[in-house]
Amino acid sequence: MAETLTRTATLEIRGLRAEVEGKEILKGIDLVVPQGEVHAIMGPNGSGKSTLANVIMGRPSYRITGGQVLFKGQDISGLKPDQRAQLGLFLAFQYPTEIPGVSVVNFLRSAYNAVKGGEKISALAFRKRLKEKMAMLGVEDAMVARYVNQGFSGGEKKKNEILQLAVLEPEIAILDETDSGLDIDSLKAVANGVQQLIGPNLGVLLITHYQRILNYITPDRIHVMMDGSIVLSGGPELAPELEKKGYEGLRKELGVQPGEGGTDNGGDSNHERR
Ligand SMILES: Nc1ncnc2c1ncn2[C@@H]1O[C@H](COP(=O)(O)OP(=O)(O)O)[C@@H](O)[C@H]1O
Ligand SMILES: [Mg+2]
């Protein structure tokens, strides 16, 4: 085990409890995602999926009340988000923000320099690197000249997140609903992009509400989250099973009580429900 940890960058979450604004959202999460594996987290709206992502990245206002978040064997809970990024963690946001006045190219180069540390990459060397990634993901020149996310369609925003992922080359990436709000062509494009990046050097925590992205990306493991706990874990065969039963069916089968206030409606109320 110890030997394995020195060779692969593993994200380990042990008994994690966390609260937001005094309300306990995560109620004891155990999860191990090694570099090179794809783990999907599925679950109804308001179950705490984004909270988990935010806690892993150290977003302020999310408070850990128990358990640990370890990366490469180190407890990272005292680190700032940028320090976690420098260690090799990446989060693609569910709702990417606009940055008016900053082009995608300049944003990506700043992010690259900030994350990689050391000597700053020259504009020319960075362009070359970026071009390779753009070609791989099928991103057009026009997109990277625009201001970050300003006037971007849902599909463009998500594509931009994947480009960022490709450029930064983290060891573990958390993709929070990278599939949400996409039409089928954009979904395919984004999923293919992620698929290209998946390999022995990248571990992915793929957070999704719907099973459909799993038609394009086959996870090694699927974990179902309800009311702040992982209630079921299994292999890729879990996806069609869930699709058939629905979260409510599974909830009944497992005898999981809906949380306080029926949190299924919480969080992402702008998403379609089944
Ligand atoms: N910043 C926040 N402030 C207050 N409540 C929050 C915040 N973030 C999440 N929550 C609450 O935490 C619960 C889980 O939300 P979330 O993690 O977004 O779930 P999911 O991503 O699974 O839809 C919801 O009840 C939501 O309202
Ligand atoms: Mg969410």
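Up top is the structure these notes are about.
Read on for a plain summary of the structure. (Residues numbered from 1 in each chain as written. Chains lettered and ligands numbered in written order. Predicted model: local features only at pLDDT ≥ 70, side-chain atom pairs only at ≥ 80, totals over all residues.)

Points about the overall build of the chain
Check the secondary structure of the chain and you find 9 helices and 12 strands. Principal axes of the C-alpha set define a box for the chain whose edges measure 60 × 40 × 35 Å. Considering the chain as a whole, with its 274 residues, one finds that 39% of them fall into the buried category. If you take every contact in the chain between residues at least 6 apart in sequence, the share linking residues at least 24 apart comes to 74%. (Helix = DSSP H or I, 4+ residues; strand = E, 2+ residues; numbered from the N terminus. Buried ≥ 20, exposed ≤ 12 C-beta atoms within 10 Å, placed from the backbone. Contact = placed C-beta atoms within 7 Å.)

Examining helix H7 (residues 154–168)
A rise of 1.5 Å per residue sets the reference length of H7, with its 15 residues, at 21 Å; its end C-alpha atoms lie 21 Å apart and thus fit the reference within 8%. Looking at H7, one finds that the buried residues are Lys157, Lys158, Lys159, Asn160, Glu161, Ile162, Leu163, Gln164, Leu165 and Ala166. Contacts made by the buried residues of H7 are with strand E6 (89–92), helix H4 (104–116), helix H5 (123–137), strand E9 (172–176) and helix H8 (184–197). Two residues or fewer after H7 comes glutamate 169, characterised by a positive phi angle close to 45°. (Expected span 1.5 Å × (residues − 1).)

Examining the sheet that holds strand E1 (residues 10–20)
Taken in spatial order, the 4 strands line up as E2-E1-E4-E5 in an open sheet, and their pairing is antiparallel. Only two strands of the sheet have a single neighbouring strand rather than two, namely strand E2 (23–34) and strand E5 (74–75). Two elements, E1 and strand E4 (residues 62–71), share 8 bridges in a ladder whose sense is antiparallel. Paired with leucine 11 across the two strands is phenylalanine 71, which belongs to E4. Set on the sheet, helix H2 (residues 49–57) makes contact with E1, E2 and E4; between it and E4 the angle comes to about 65°. (Pairing = 2+ DSSP bridges. Axes fitted to C-alpha atoms, helices over the stretch in contact; angles between N-to-C directions.)

Points about the pairing of E2
As defined by bridge partners, E1 adjoins E2 across 9 bridges and the pair is classed as antiparallel. Paired with alanine 18 across the bridge in E2 is leucine 26.

Overview of unusual backbone geometry
Outside of glycine, negative phi angles account for most residues, and trans bonds account for most peptide bonds. We note that glutamate 21 has phi near 50°; this positive angle belongs to a residue other than glycine. Along the chain, glutamate 21 falls in the loop between E1 and E2. If you check the backbone angles, serine 61 has positive phi at about 85° while not being a glycine. Take serine 61: it is sitting in the loop between H2 and E4.

All we've got here are geometric facts, nothing functional implied.
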